[in-house]
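# Structural overview
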Amino acid sequence: MRIDVVTIFPEYLEPLNVSLVGKARQRGQLDVRVHDLRDWAHDKHNTVDDTPYGGGPGMVMKPEPWGEALDAVLESGEGGESDARPVLVVPTPSGVPFTQELAVELSERPWLIFTPARYEGIDRRVIDAYGERLDVREVSIGDYVLAGGEAPVLVIVEAVARLLPGVLGNAESHRDDSFAPGAMADLLEGPVYTKPPVWRDREVPEVLLSGHHGKVARWRRDEAFRRTTANRPDLIERCDPATLDKHDRKLLAELGWVERADGRFGRVAQAVEE
Ligand code: SAM
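Residues numbered from 1 in each chain as written. Predicted model: local features only at pLDDT ≥ 70, side-chain atom pairs only at ≥ 80, totals over all residues. Heavy atoms only, no water.

Take the overall build of the protein next. Looking only at helices and strands, the protein features nine helices and eleven strands. Taken against the 2.2 N^0.38 rule, which gives 19 Å for 274 residues, the C-alpha radius of gyration of the protein at 23 Å runs more than 25% over that of a compact globule. Taken along its principal axes, the extent of the C-alpha atoms in the protein is 70 × 50 × 40 Å. The buried share among the 274 residues of the protein stands at 39%. For the protein, the share of sequence-separated contacts (at least 6 apart) that also reach a separation of at least 24 residues comes to 71%. Of the accessible surface of the protein, which amounts to about 15,800 Å², a share of 51% is contributed by carbon and sulfur atoms. (Helix = DSSP H or I, 4+ residues; strand = E, 2+ residues; numbered from the N terminus. Rg over C-alpha atoms; globule rule 2.2 N^0.38 Å. Buried < 20%, exposed > 50% of the residue type's maximum accessible area, 1.4 Å probe, protein only. Contact = heavy atoms within 4.5 Å. Areas by Shrake-Rupley, 256 points an atom, 1.4 Å probe, with all protein chains shown as cover.)

The next point concerns the site of the ligand. Around the ligand, a shell composed of 18 residues is seen, among which P91, E120, I141, Y144 and L146 lie nearest. Taking T92, its main chain carries an N or O atom lying 3.3 Å from a nitrogen atom of the ligand. Contact distances for the ligand include 2.6 Å between a nitrogen atom and a side-chain N or O atom of E120. For the ligand, whose free accessible area comes to 580 Å², the fraction covered by protein is 83%. At the level of elements, β5 (87-97) and β7 (135-140) are the ones that each hand at least two residues to the shell around the ligand. In terms of residues, the shell around the ligand owes the most to one element, β5, which gives three residues. Within the shell around the ligand, the residues separate by chemical class into eleven nonpolar, six polar and one charged. (Near = heavy atom within 4 Å. Polar contact = N/O pair within 3.5 Å; in protein donor to acceptor, adjacent residues only side chain to side chain. Nonpolar A, V, L, I, M, F, W, Y, C, P; charged D, E, K, R; others polar.)

What follows concerns the sheet that holds β5. The five strands lie next to each other as β2-β1-β6-β5-β7, forming an open sheet whose pairing is parallel. Among the strands making up the open sheet, the edge pair consists of β2 (31-36) and β7. Between one strand and the next, the sheet's axes are offset by a mean angle of 30 degrees, whatever the strand orientation. Judged from the six bridges that link them, strand β1 (residues 2-7) and β2 form a sheet pairing that is parallel. Looking at β2, one finds that R2 is bridged to D31. Of the strands in this sheet, β1, β5, β6 (111-114) and β7 are in contact with helix α5 (residues 150-161), which crosses β6 at around 165 degrees. (Pairing = 2+ DSSP bridges. Axes fitted to C-alpha atoms, helices over the stretch in contact; angles between N-to-C directions.)

Packing of helix α6 (residues 213-231) against helix α8 (residues 246-254) brings their axes to within 11 Å, and their N-to-C directions diverge by 40 degrees. Here α6 and α8 pass one another in a crossing that is right-handed. Contact residues: R218, R221, D222, F225, R226 and T229 in α6; H247, D248, L251 and L252 in α8. The class makeup of the residues in the contact of α6 with α8 is three nonpolar, two polar and five charged. (Left-handed = near helix turned anticlockwise from the far one by under 90°.)

Its place among the elements puts E223 in helix α6. In contact with E223, other than residues within four places in its own chain, are G190 and P191.

It is worth spelling out the nonpolar core at this point. Judged by nonpolar contacts, the single largest core of 28 residues is most densely connected at I3, L30, L106, L112 and F114. Of all the elements in the fold, those that place two or more residues in this core are β1, α1 (19-26), β5, α3 (100-107), β6 and α5. For L30, the residues in contact, after removing those within four places along its chain, are M1, I3, V21, A24, R25, A161 and L164. One finds L37, W66, A69 and V126 within the second-largest nonpolar core, a separate group that totals 22 residues. (Core = buried A, V, L, I, M, F, W, Y, C linked by side-chain atoms within 4.5 Å.)

This next bit is on the pairing of β5. Judged from the three bridges that link them, β5 and β6 form a sheet pairing that is parallel. Bridge pairing in β6 links V87 to L112. Two strands pair when backbone bridges link them, and β5 and β7 are joined in this way by seven bridges, in the parallel orientation. When the bridges of β7 are listed, P97 appears paired with S140.

Quick look at α5 now. The terminal C-alpha atoms of α5, which comprises twelve residues, lie 16 Å apart, in line with the 16 Å expected from a rise of 1.5 Å per residue. Tucked inside the fold, the buried residues of α5 contact β1, α1, β5, α3, β6 and β7. (Expected span 1.5 Å × (residues − 1).)

Attention now goes to the pattern of salt bridges. Within this structure, the stated rule accounts for 22 salt bridges. For E150, the salt bridge identified is with R118, shortest N-O distance 2.7 Å. One end of the pair, E150, is in helix α5; the other, R118, is in the loop between β6 and α4 (124-131), with 32 residues separating them in the sequence. Across the pair D123 and R125 runs a salt bridge whose closest N-O atoms are separated by 2.6 Å. A relative accessible area of 14% places D123 in the buried class. Using a relative accessible area of 53% as the deciding quantity, one classes R125 as exposed. Members of the salt-bridge network, linked through shared partners, are R218, R221, D222, D245 and D248. (Salt bridge = Lys/Arg side-chain N within 4 Å of Asp/Glu carboxyl O.)

Here is the structure:
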């Protein structure tokens, strides 16, 4: 996979040399190219921002440097392996939420181009213009506002890179993750343990030492339900009841959840109110 990042803070992307992403780069699984937007700013001060039309606080990133930078990045891919329709990933708090599903979708594309902004964002015409040539995804990493899009790029690249074939040591590692597609898709992953079996008088749950795969799987699923009901009740509310077995339903009832008339689950108090 090829990844290009255009930014006014190339040094902010240094962590892409470390750990999992860094190793994937060294192994040639990931071709990451970071570009300094100011290389395409032509005045004495390398200006990349200007005041907003219509007034208001803050500055807006000018379209000309972004246009030249993106043209140069796109030209560098012509005829190459990444000569496929790239995805332009635009980090913005007003984008669609970044999810595991979107990470999977992006991991299947050969070329991603990121445009982390600063100030109040990029002149809209840039996104509209490249939207005619590229697949654009405006993506938010959460309901909060950061000073710039570089940290979101680090988040998105790491989530995508670990899904690429051969990047994780054990290909199964992400199978049971929270949000991984499959039987546990609506559940968060439960707690995990390692050696020693007793630490500061705290024992590892006995079932994990039993070697009984069926019981371990059941325990993990129960713990996933406990954690999801506590931390993300919204996931239980939208979970497909067809994916629940008798044991799941019994556990949910013990945790204070009931099946509502529409077949979905709700907390007992809510169900009574309705
Ligand atoms: N005025 C913008 C708004 O309210 O939508 C916020 C601009 S923010 C100060 C500057 C840049 O940081 C954004 O253009 C984007 O690149 C990045 N950014 C900030 N928060 C983000 C988030 N939650 N997800 C993705 N990118 C974000």
